[in-house]
Amino acid sequence: MSSPFVFTSENQERFQQILARYPNKRAAMLPTLHLAHEQQGHITPAVEEVVAELLEVPLVDVHEVLTFYTLYFRQPMGRHHLRLCMSISCWLRGSDRIQVHLKNKLGVKSGAITQDGSFSWEAVPDCLGACDMAPMMQVDEDYHGPLTPERVDQILEATAQGQEITTAPPPDNTKTEALPIQLISEHFGNSQARELEWYRKQGGYEGAQKALEMQPKEIVDRVTHANLRGLGGAGFPTGRKWSFVPQDTGKTIYLTANADESEPGTFKDRYLMEWDPHLLLEGIIICAYAVGIHTAYIYIRGEYLRAAQILQKAIEEAYREGVLGERVLGKDFQLDVHLHRGAGAYICGEETGLLESLEGKKGWPRLKPPFPAVVGLFGCPTVINNVETLSQLPKILLKGAEWFAGIACSHHGGTRLFALSGCVKRPGVYELPLGTSLRELIYEHGGGVLGDKQLKAVIPGGASAAILTEKDLDVSLDFDSLMKAGSMLGSGAVIVMDEDVCMVRACQNIMRFFAHESCGQCTPCREGTGWVYQILTRIAEGAGTPEDIDNLAELADNMSGTSICALSDGAAMSFRSYVKKFRSEFEYHILHKRCDVEEKKTTVNA
Amino acid sequence: MPSLEINGQSIEVETGSNVLQAAEQLDIHVPRYCYHPGLSVAGSCRMCLVEIEKMPKLAISCHIQAQDGMKVSTESEKVKQARKSMLEFLLVNHPLDCPVCDQSGECDLQNYYMEVGQYDSRFLENKIKRRKAVPIGPHVILDQERCILCTRCTRFCNEISQSNELGVFNRGNRSVIDLAPAKTLDNPYSGNVIDICPVGALTEREFRFQCRVWYLSTQESICNGCSRGCNISIHYNTSLSYKAGGKRVQRLKPRLNPHVNRWWMCDEGRFGYEFIDHNRIESPQLRAVQGKLQTSDWEQVLQEVSTGLKTTLENFGPEGIGVIASPQLSNEELYLIRKIFAESMGVQEIGTRNPWEKEGFEDDFLIRGDKNPNSRGAEELGLNSDVKAILEKAASGKIKILYIFQHNFESPEAQEMLGQAGYVIFQGTNWNKTVEVSNAVLPGATYAEKDGTFTNFEGRLQRFQQALLPLSESKSDIEILSTLARKLGYPVTYLDAEEIFREWWGRTYQELEEFGELLNGQKR
Amino acid sequence: MAIKQVERDLTFRERIYILEILKALRLTARHLFRNLFVHIAHRFGLLRRLRGGVTYQYPEERRPFSPRLRTLHRLTRRQDGSPRCVACMMCETVCPAHCIYIVGGEHPDPQIEKYPVRFDIDLGLCVFCGYCVEACPEDAIRMDTGKLEFSSYSREGLIHDLQELLSRSTTPPKR
């Protein structure tokens, strides 16, 4: 029985501040657990009891939350904790090799602590959102990559000695002269943009200023006509989403900015928050004013510790300078913005999963209808918008709807950030107008395939998107065209695979992610993702049967359209496309019990 | 009142009903696991998917509200395929436990499996291993491998018993249902999770491995544990006497009554059936002149009792007879007692309430402090004399012959008074302290062995039916009293309890309303 | 469809029946002399391989029967010698003669969970239909002992219990 847990007096203060951010105590669940985790290093049963008492919730609810999310340790860990990303983009750049090296170097396997207690590490199947520096790992709060065995040794040594790690900055691929227009990425690479004054000098907060002088309905119309569509994954027209919010219920209306970016291959929101936090805040102000919102939460994924720190500073500065608070930018409009850190769950990026998590529960998506616009956070009408979508708002307000719509192809507006990763020469974030071709993105901006190899496959919009081949390279990167091509634009994460990539293993990697992230609430997703992963592993390891291929196709159909949320549909769309378009590779594995691609490989990745 | 069409049939339903409820009203059964009418909607099992015209995807009928003009199909090819696939997914990690699982025979996985026709497995992988046969409470045992994560039990503990012992931990296919840390499932309604669990994940410890469910017969009855009168089913096995150590009653389960207990019953009532087969008085007893109780036969005992009553009546009048009836007896039996003793013999003092019996545990849900099923019935029939006074009169000698039904007077005060009483006749079911000081013992039948009605605390008249024959030589109280009455010279010729009920209440059992009838001030 | 009835009178030869009688007598004689010859030869130790008559000289000689024949029951064992039976009651339920009596109990190993505390077969009632073998999901009961002699001096003696049924399976099972 562990000794009783008590918050330090400083943390007791912080706890009170946390409570003040929410209309009920339960919603403080995740921040309170983070606080206790910070103080003690891990969560013990004593902590759970105290948290249950403080938040006036049953103990079982605290335990459910604790076991659902992955960032809370329940045992003491090493002095330094490493997370090695094993997701698709890192895998394509050789994370397997780094895993072996780390295991040998530290002497313990994933999930364990070294003898002297200095390091603990885990190889995580979920994408950490840093595919531009693949293969990478998280050391305590920082991201480090691209990794080589030598680099890993350097980092380990520097960390053990408490030294500053000289991080080679990732290649600055974000600003190239070849980019036709930059609406939201113009400050990438310039840390001055984090300062409010500098930001304002560049014309920052003028968009919000303008909005506050307009009528809310005007803003909604303008955003609708600008053809702005959700850039988190679903691509739903933003203005239309706002118009669903009923203004006459008498209930508080909330805004949550979805910064849970966890779709494998996606790292563009992290760039926005790390380089241009005020842009996001400005977008929040505009959205809030347009829909009658006075309380906004930014739900940021727990792994983005640096981004959270930068954002928090920006928010505090904004409050100090009167940009947020009682009178936003001096106008008669009150807006509170709170940062809320997640605790490691991809499913909390799903809009209702996010709401459940914000309310202090495990991230189980809700049944729809009712939709969040009507019944959302705390039962009140809620708008949920992605970070990038909100960041586009200032320019729309400043330059107008027609201008914005004109940048892109028909039925679309403006630009979007493409997170390019995988087997390309220049992985990074590229802002391009919607309607740019896939070929242009990869070859012109991304420099083409690494090592000038043949391109085999491309995922155009994050792991949930169906895979495309080099036949589809001329597809226009916009929501409608990609949907017609049988895939989706999704989160804008473009992952390139070359001729030496085994598609069976790639598919297995993707399904491992989905099986790990499935919340487990509904039958098809919980059992389906796990089962498909098992089948793919069996095929990849040479124990496949001829029926497996047809079974996979049928399972994909059974997992589509039958679940509560779209994780199952995304997973199904994904592995269905691999099996369909690369059937011959699957057949080879099954028939010959080995991989033809691995055998043909002449160069080792990275 | 929206009107919709399901499988070609039209129906009008209450606003707010979901499609599944609408289908039920048409006697169309939509398979489901997580939906339960007494709990909130989870919508997670995905078995109740139906096809609704104009909706692009299949929709879950437990959540979708019935709307005007909806056209629903519960048997289309798409729906059948979806059901089959959901079942296949559920069976992926489900263990092959049917031979050892108690739920076999009443398992919804088995039932839908046969209906839907998902016979052949194409699952070649290893199933996930979890904890098996874990007792999580005094009455419930958990098997995590069998659990299909319908979350009915966690919702029950959250919403109905509000004790929050169970939760879903971990994520994805590593999810398990388990107790909250350092907790046990010991709330007073823990047994209900056994009823609602559709599979053998939560089973009854008392019933474990006792008897296969297809050997059981059922009968509708009323719990005699307290004055709530929860509607129950008695599940019994009389054909295979070597099972379960010869126990006849194997378990009790609640029946739906929207006015009394809805779908639930408390643990005290649920597991309080031991007295039906244990510690019963199996044959009539007579106290010999030397002072010990000896087994006798009905003819002899009834003869002695009737002679005793007749003599006392002649020599001392009705004041010499004291009758302490019981609120455990049915209305019919109390009516008969009143008819024989009060109306025919003129006995003024007939009491039922034991003044030493303290109110037991009571809560704001189902459990009542009065642990007798028919106190209200006794009250309504006017058998309200002071029992203490009767016992005092018996002790002082004013009452010569005392007729006690079913009571167990344990308090030392009562014991003393009984010790000083003249002739004590006991009619009841189980051995207790009062039986041991009686002169004549007539073994009666338990509520499971007779027909009758109880009136619960709010004045609701509810019928219970006979499941078993009276054990060994015991007889139903009506039969005992009728025979006794005839020996005393009164023409009592009721064939069964229903005849008495007809005379008393003016209706047949069939005519009684389905969920019991409120007295509403009617006095008989 | 009409049926055509063809009547024919018996021929003279058939009516006398003498030929048939002689044919039958010839068959009987053939058997008689052959058996006589062979049995005499047996007495001298000759022609042992040749069968004398169709009679099986029970109990020294037994009639061969198919391995599928349903003979006396046995309960099979696991590798460690414990019974395979998990007291699922399938055989008890399916038995048309209701001659199997099983009482289940808790097995200490949660992977096995259940075992028979009591398993009686009343052979006085058993009709040897073999349904119990078909119904068993664990291959725990078989009727392949080949034994057909199990008479008893009392009715109770015909009730074979768990130990007796198990004893017919070897401990541990042959690999």
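Residue positions are counted from 1 within each chain, in the order its sequence is given. Lettering of chains starts at A and numbering of ligands starts at 1, both following the order in which they are written. Local features are withheld for residues below a pLDDT of 70 in this predicted model, meaning they are given only at 70 or higher, and side-chain atom pairs are given and counted only at 80 or more; totals for whole chains, interfaces and linings count all residues. Each side-chain value is worked out from all heavy atoms of the structure, with water and hydrogens disregarded.

Asker: Go over the interface of chain B and chain A, please, and point to the residues and values.
Answerer: Bring the parts together and some accessible area is lost; that lost area is often taken as the interface size. Contacts are assigned to residue pairs with any non-hydrogen atoms lying within 4.5 Å of each other. Facing the 41 residues of chain B at the interface are 44 residues of chain A. Interface area for chain B against chain A, summed over the two sides, is near 3600 Å², with a carbon-plus-sulfur share of 56%. When the buried area of chain B at its contact with chain A is split by residue, Phe89(B), Arg122(B) and Arg171(B) rank highest and sum to 23% of it. Salt bridges, as used here, are contacts in which a Lys or Arg side-chain nitrogen is within 4 Å of a carboxyl oxygen on Asp or Glu. For the pair chain B and chain A, the interface holds three salt bridges. In this structure, the salt-bridge partner of Glu125(B) is Arg538(A), at a minimum N-O distance of 2.9 Å. Nitrogen and oxygen atoms within 3.5 Å of one another constitute a polar contact, given that in protein one can donate a hydrogen and the other can accept it, and given that sequence-neighbouring residues count only through two side-chain atoms. At the junction of chain B with chain A, the criterion picks out 22 residue pairs in polar contact (both at pLDDT 80 or more). Nonpolar residues are Ala, Val, Leu, Ile, Met, Phe, Trp, Tyr, Cys and Pro. Charged residues are Asp, Glu, Lys and Arg, and all others, Gly as well, are polar. Among the residues forming the side of chain B that touches chain A, the class breakdown is 19 nonpolar, 14 polar and eight charged. Note on definitions: buried area is the accessible-area loss of two parts on being combined, 1.4 Å probe, summed for both.

Asker: Please set out the domain arrangement of chain A residue by residue, giving values where relevant.
Answerer: All names here are of chain A. Domain borders in the structure are assigned automatically or taken from a domain database. With domains assigned, chain A is organised as domain 1 (9-68), domain 2 (80-160), domain 3 (191-405), domain 4 (415-498) and domain 5 (503-597). The C-alpha centroid of domain 5 is placed 27 Å from the C-alpha centroid of domain 2. Each side of the interface is counted separately: domain 2 has seven residues, and domain 5 has eight residues. Both sides together, the interface formed by domain 2 and domain 5 hides about 650 Å², and carbon and sulfur atoms give 66% of it. Considering only the side of domain 2, the residues that lose the most area to domain 5 are Ile88, Trp91 and Pro125, jointly responsible for 69% of the buried surface there. At the surface where domain 2 touches domain 5, the tally comes to zero salt bridges.

Asker: Pulling in residues and values, what's your account of the nonpolar core?
Answerer: Membership of the largest hydrophobic core comes to 206 residues, with the highest contact counts inside it found for Met497(A), Phe575(A), Tyr578(A) and Tyr33(B). The greatest single-element share of this core, amounting to eight residues, is contributed by helix α21 (residues 503-517) of chain A. Residue contacts for Met497(A): discarding those within four places in its chain leaves Ile88(A), Leu92(A), Cys423(A), Leu455(A), Lys456(A), Ala457(A), Ile459(A), Ile467(A), Met503(A), Ala506(A) and Tyr578(A). Counting residues in each nonpolar core, the second largest holds 79 residues, with Ile184(A), Phe267(A), Val323(A) and Leu324(A) among its members. Among buried residues, the Ala, Val, Leu, Ile, Met, Phe, Trp, Tyr and Cys ones that are joined through side-chain atoms within 4.5 Å form a nonpolar core. A 1.4 Å probe rolled over the protein chains alone gives each residue an accessible area, and that area as a share of the maximum for its type sets the label: buried under 20%, exposed over 50%, partly exposed in between. Strands here are runs of E lasting at least two residues and helices are runs of H or I lasting at least four, both read from the DSSP assignment and numbered beginning at the N terminus.

Asker: Before we move on, can you summarise the interface of chain B and chain C with the specific residues and values?
Answerer: Taken together, the contact pairs 15 residues of chain B with 22 residues of chain C. Both faces combined, the contact of chain B with chain C buries some 1500 Å², and carbon together with sulfur accounts for 54% of it. By the criterion of area lost to chain C, the three top residues of chain B are Pro99(B), Phe209(B) and Tyr242(B), representing 41% of everything that side buries. Between the two partners, chain B and chain C, sit five salt bridges. We note a salt bridge from Glu113(C) to Arg208(B), for which the minimum N-O separation is 3.1 Å. Scanning the region where chain B abuts chain C turns up ten residue pairs in polar contact (both at pLDDT 80 or more). Taken together, the residues of the side of chain B that touches chain C break down into seven nonpolar, no polar and eight charged.

Asker: How would you summarise unusual backbone geometry if you had to cite specific residues and measurements?
Answerer: A cis geometry characterises the amide bond from Ala134(A) onward to Pro135(A), with omega recorded as -10°. The residue Pro135(A) is located in the loop between β2 (119-124) and β3 (137-139) in this model. The omega angle of the peptide bond from Tyr58(C) to Pro59(C) is 0°, so this bond is cis rather than trans. For Pro59(C), the location among the structural elements is in the loop between α2 (18-43) and β1 (74-75). Within the chain, Asp27(B) stands out as a residue other than glycine whose phi angle is a positive 65°. Its location among the elements puts Asp27(B) in the loop between α1 (19-25) and β3 (49-52).

Asker: Lay out the packing of helix α1 (residues 9-20) of chain A against helix α2 (residues 29-40) of chain A with the relevant residues and their values.
Answerer: The description of two packed helices rests on the angle between their axes and on the distance between the axes. All names here are of chain A. Relative orientation of the contacting elements α1 and α2 amounts to 165°, with a least axis distance of 10 Å. Relative to α2, the element α1 is oriented roughly antiparallel. In the packing of α1 onto α2, the handedness of the crossing is right-handed. Along the contact surface, α1 presents Asn11, Arg14, Phe15 and Ile18, while α2 presents Pro31, Thr32, Leu35, Glu38 and Gln39. In this description, a line fitted to the C-alpha atoms serves as the axis of each element, helices being fitted only across the stretch in contact, and the angle between N-to-C directions of two axes falls anywhere from 0 to 180 degrees. Note on angle classes: values under 35 degrees are labelled roughly parallel, values over 145 roughly antiparallel, values of 65 to 115 roughly perpendicular, and the remainder oblique. Each crossing is labelled by how the near helix is turned from the far one, with a counterclockwise turn of less than a right angle marking it left-handed and a clockwise turn marking it right-handed.

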